[in-house]
Amino acid sequence: MILSIESSCDDSSIAITKIENNELIFHKKISQEKEHACYGGVVPELASRLHVIDLPNILEETKPYLDQLKAVAVTNQPGLSVTLLEGIAMAKTIAVTKNIPLLAVHHLKGHIYSLFIEKEQILPLLVLLISGGHTQIIRVESLEKMTILATSIDDSVGESFDKIAKMMGLGYPGGPIIEKLARNGDENRFSLPVPLRNSPLIAFSLSGLKNAVRLTIESLGGSEAMSEKDKCDVAASFQKAVKLHLIQKSKKIFLNEHIKDFAIVGGASANIYIREAYEELCMEYGKTLHTAPLEFCSDNAAMIGRYAVEAYKKELFVDPFEIDIVRTKKQQSGMML
Ligand code: KG4
Ligand code: ZN
């Protein structure tokens, strides 16, 4: 069995996965959403202090399995330094005291492997990753060979939902709140610009759209003057523009990439409206769409454990005295993940 730890942002999570058949034996996640909600976003120092309490509490529950561990895995990039370090400290300690190998897992690769929790891998695969920190299309050829085909030049999808919710005084995280409001809204009431619509650039950008939403909110007298209907209509119009942007750039990628299997992963992939748009697109382009179960779209240790099973088979171990957080450079198209 492999014990995996995730603490890259505001979720403390530990999982135990069986190596021989990918079975998820144990999984628990303590989310800090409520603690950060009043700030409209994650406060790193607060997140770190909460991991210090929550991770050992979850670990306590894994006691029955600790003697059967063959390895320990932990997210070491990308994420908030002060929160990644909490998970790493715990993983290092387990690896050294139990004398078992340590695996360092890239969080985004973990999101990709959320597709394969309790399943076999599907490779090659084309993936749209939409999370709180990233918007990327990635070609996944193997565990080691993942190439970024398109990436965000500013705000990510999840981040833009969070910021729009904050502008309307709706709380955090914004994704589920905006999606829910949008269900009752008129998506054609405000004509918001579809980002990079006339640009040949195969990249994602949401800061211009975010600004257009801010101006719309101002034109309605600000969030306090807005009616419930106004908020629903803004949410729906914004969500429609995000969808059109994602679909337009994905189509460009589909013209060059002929891999049949396509997947959407990451926190924002829980969005049903976006999922439905991709169902249609995949039908049109003859691709098979894969998504993770809703509970594994947002950050969790089960996906880290699933990746770790494959990394364990390839003996991609790291020295517990050498492991550190990796200060990720700005990611560009063409780079390996
Ligand atoms: O993958 P994730 O849990 O964390 C990162 O790795 O960043 O993603 C969290 C993000 C948040 O920004 C949240 O607002 C967004 O995912 N999110 C959604 C939805 N559910 C969560 N965005 C749009 N629609 C949703 N239903
Ligand atoms: Zn994530």
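So, how was this worked out
- Residues numbered from 1 in each chain as written.
- Chains lettered and ligands numbered in written order.
- Predicted model: local features only at pLDDT ≥ 70, side-chain atom pairs only at ≥ 80, totals over all residues.
- Heavy atoms only, no water.
- Pairing = 2+ DSSP bridges.
- Helix = DSSP H or I, 4+ residues; strand = E, 2+ residues; numbered from the N terminus.
- Axes fitted to C-alpha atoms, helices over the stretch in contact; angles between N-to-C directions.
- Parallel < 35°, antiparallel > 145°, perpendicular 65-115°, else oblique.
- Left-handed = near helix turned anticlockwise from the far one by under 90°.
- Contact = heavy atoms within 4.5 Å.
- Donors = N, O, S within 2.8 Å, 3.2 Å for Na, K, Ca; no water.
- Buried < 20%, exposed > 50% of the residue type's maximum accessible area, 1.4 Å probe, protein only.

**Remarks on the sheet that holds strand β5 (residues 102-106)**
Consideration 1: Reading across the sheet, the five strands line up as β3-β2-β1-β4-β5 and stay open at both edges, with mixed pairing between neighbours. Looking at the sheet topology across the chains shown, the edges are occupied by β3 (24-31) and β5. Going across the sheet, the axis of each strand differs from the next one's by a mean of 20°, ignoring polarity.
Consideration 2: Inspection of the sheet shows strand β4 (residues 71-77) paired to β5 by five bridges, in the parallel sense.

**Regarding the packing of helix α5 (residues 157-167) against helix α8 (residues 228-256)**
Consideration 1: Closest axis-to-axis distance for the α5/α8 pair is 12 Å, and the angle between their directions is 165°. Considered as vectors, α5 and α8 are oriented roughly antiparallel to each other. When you trace α5 past α8, the crossing you get is right-handed. For the pair α5 and α8, the contacting residues are Val157, Ser160, Phe161 and Ile164 in the first and Phe238, Gln239, Val242 and Leu246 in the second.

**Here we look at the coordination of the zinc ion (ligand 2)**
Consideration 1: Summarising the metal site, the zinc ion (ligand 2) is bound by the protein donors His107 (NE2), His111 (NE2) and Asp299 (OD), whose distances to it range over 2.0 to 2.1 Å.
Consideration 2: Counting gaps between the donor residues of the zinc ion (ligand 2) yields the pattern H-x3-H-x187-D. Linking His107 in helix α4 (residues 107-113) with Asp299 in the loop between β10 (288-291) and α10 (301-313), this pair joins segments that are 192 residues apart in sequence. Each member of the pair His107 and Asp299 is classed as buried.

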